[in-house]
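So you can see what is in the structure, the chains are spelled out below.
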Amino acid sequence: MTTTLAPATRETTAPTKAAPRTASRTRRTAVAWLFLAPFTLLFLLYTAIPAVAALGFSLTDLRGADLRTPLAVNFTGLDNYLRLFQDDSFLRDIGNTALFVAVGVPLTMGVGFTLALALDSGIQRLRGALRTVFFAPVVTNVVAAALIWQYAFHPDGTVNQALAAVGLAGPNWLDDPDLAMPVVILLGVWRNFGTAMVLFLAGLQAIPRDVYEAAALDGAGRWRQLRHITLPLLLPTTLMVSVLLTVFYLQVFDEPYLLTDGGPLGSTESVALYTYHQFGAGQFGMSSAASFVMLVLVAVVSIVQFRLLRSRT
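Here the structure is a predicted model, which means the values were calculated and not measured. (Residues numbered from 1 in each chain as written. Predicted model: local features only at pLDDT ≥ 70, side-chain atom pairs only at ≥ 80, totals over all residues. Heavy atoms only, no water.)

Novice: Can you walk me through a positive patch on the surface in this structure?
Specialist: Where like charges cluster on the molecular surface, the positive patch consists of Arg-21, Arg-25, Arg-27 and Arg-28. With respect to the helices and strands, Arg-25 occurs in helix α1 (residues 2-57). For Arg-25, a relative accessible area of 48% corresponds to the partly exposed category. (Patch = residues over 30% accessible without salt bridge, like charges linked within 9 Å, V, L, I, M, F, W, Y side chains within 5 Å. Areas by Shrake-Rupley, 256 points an atom, 1.4 Å probe, with all protein chains shown as cover. Salt bridge = Lys/Arg side-chain N within 4 Å of Asp/Glu carboxyl O. Lys, Arg positive; Asp, Glu negative; His and termini not counted. Charge placed at Lys NZ, Arg CZ, Asp CG, Glu CD. Helix = DSSP H or I, 4+ residues; strand = E, 2+ residues; numbered from the N terminus. Buried < 20%, exposed > 50% of the residue type's maximum accessible area, 1.4 Å probe, protein only.)

Novice: Explanation requested: helix α9 (residues 222-233) in the structure shown.
Specialist: Side chains three or four residues apart in an α-helix point the same way, a direct result of the helix having 3.6 residues per turn. Over its 12 residues, α9 runs 15 Å from end to end, which matches the ideal 16 Å to within 8%, given 1.5 Å per residue. The complete set of buried residues in α9 reads Gln-225, Leu-226, Ile-229 and Thr-230. The buried residues of α9 occupy an angular sector of 125 degrees when the element is viewed end-on, so they sit on one face. In α9, the exposed positions that point more than 90 degrees away from the buried face belong to Trp-223, Arg-224, Arg-227 and His-228. (Expected span 1.5 Å × (residues − 1). Arc of directions from axis to C-beta.)

Novice: I keep staring at a nonpolar patch on the surface and nothing clicks. Help me out?
Specialist: A cluster of nonpolar side chains, namely Phe-39, Leu-41, Leu-42, Phe-43, Leu-44, Leu-45, Tyr-46 and Ile-49, defines an oily patch on the protein surface of about 860 Å² accessible area. In this fold, Leu-44 is placed in helix α1.

Novice: What am I meant to see in the nonpolar core here?
Specialist: Side chains of nonpolar character tend, in soluble globular proteins, to be buried together. The biggest cluster of nonpolar side chains holds 41 residues, and the ones touching the most others in it are Phe-100, Phe-153, Val-183, Phe-200, Leu-245, Tyr-249 and Leu-259. When residues of this core are traced back to their parent elements, those giving at least two are α3 (88-122), α5 (142-152), α7 (180-205), α8 (209-217), α9 and α10 (235-250). With 12 residues, α7 is the single largest residue contributor to this core. If we skip the residues at most four places from it in the chain, Val-183 touches Trp-149, Phe-153, Trp-173, Leu-174 and Leu-259. (Core = buried A, V, L, I, M, F, W, Y, C linked by side-chain atoms within 4.5 Å. Contact = heavy atoms within 4.5 Å.)

Novice: Hey, could you run me through the packing of aromatic side chains in this one?
Specialist: A ring pair, where both rings are aromatic, is described by two values, the distance of the centres and the angle of the planes. Tallied over the entire structure, the rule returns 12 aromatic pairs. Ring geometry for Phe-153 versus Trp-173: centroids 5.6 Å apart, planes at 80 degrees, classification edge-to-face. Here Phe-153, found in the loop between α5 and α6 (158-165), pairs with Trp-173, found in the loop between α6 and α7; they are 20 residues apart in sequence, far enough to count as distant. Note on Trp-173: relative accessible area 18%, which makes it buried. Summarising the aromatic geometry, the rings of Phe-253 and Tyr-276 are spaced 5.4 Å apart at their centres and angled 70 degrees between planes, so their arrangement reads as edge-to-face. Here the residue Phe-253 occupies a position in the loop between α10 and α11 (254-259), and Tyr-276 occupies one in helix α12 (residues 271-280), the gap between them amounting to 23 residues. Its relative accessible area of 22% is what places Phe-253 among the partly exposed residues. Judged by its relative accessible area of 36%, Tyr-276 falls in the partly exposed class. (Phe/Tyr/Trp six-rings, centres within 6.5 Å; stacked < 30°, edge-to-face > 60°.)

Novice: Whenever I open this one, the side chain of Thr-268 confuses me. Can you help?
Specialist: Within the secondary structure, Thr-268 sits in the loop between α11 and α12. The exposure class assigned to Thr-268 is buried, which follows from its relative accessible area of 0%. Of the polar contacts made by the side chain of Thr-268, one reaches the backbone oxygen of Gly-263; its length is 2.6 Å. (Polar contact = N/O pair within 3.5 Å; in protein donor to acceptor, adjacent residues only side chain to side chain.)

In structure tokens:
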């Protein structure tokens with residue numbers, strides 16, 4: 001009698017134990033979604049829905065004059081994308097953006113890594129103060145910074161005054177198609193080297209010190225330690241910094257817009273600034289198509305960077 005009732009007792013008590021667990025799990029899920037609801041709502045309103053709408057606009061001939069009758073626009077398919085790659089201005093801006101990336105990313109990483117290395121091993125006093133000073137451009141208002149740079153590179157500005165002091169005639173930096181781009185890139189480097197420095201410094205401080213002590217006992221000097229220890233162990237940080245800076249320079253907008261508005265003669269206009277100008281001209285379809293081309297560029301370049309650097313890390 002006892003052996004026949006024992007299994008039945010276990011069968012009847014098991015569901016009663018599972019029911020509170022299921023109710024508790026459901027309650028936790030509901031609470032989690034309740035906390036996620038504000039972000040989800042904001043994400044849908046300001047990111048997901050506008051992105052889907054922009055994708056739809058890029059397939060139409062929507063213009064500023066069509067805002068009163070948005071449903072009367074014509075579906076054009078991929079015509080806007082084809083027109084983009086037949087537009088000499090857009091192709092020029094792709095080249096300008098590639099130049100921003102090719103020059104700005106290595107230069108920013110080089111300055112950031114050099115300062116991080118100095119703060120980590122060379123500079124002992126005032127390390128916190130110097131770190132704050134070097135990071136200040138990152139949090140400086142970009143409009144104020146651009147005004148200072150415009151004054152500094154004005155024909156009568158600080159830079160030309162310094163050149164005149166040593167007997168050199170300064171050019172008109174921001175009105176010269178060959179010189180405006182370096183000035184804009186330098187502003188981007190100045191704004192972003194602090195971010196690279198902080199990330200590299202965090203990576204350097206995560207490397208165990210006993211590795212360097214063992215290398216020193218084996219006779220390895222500073223250069224060999226840097227080449228065979230620091231750089232290989234810093235590859236994950238290098239990958240992260242490289243991707244972050246590449247994404248920034250591919251979408252660069254503030255610097256060329258505030259300093260030159262893409263001039264002179266479009267020599268500093270980026271893809272993001274081209275998108276803005278098309279939107280301002282009422283070419284909403286073309287502007288949306290350009291923004292998605294930029295999105296594809298960012299995605300492709302980021303994937304390539306991950307594939308090339310992740311295998312080494």
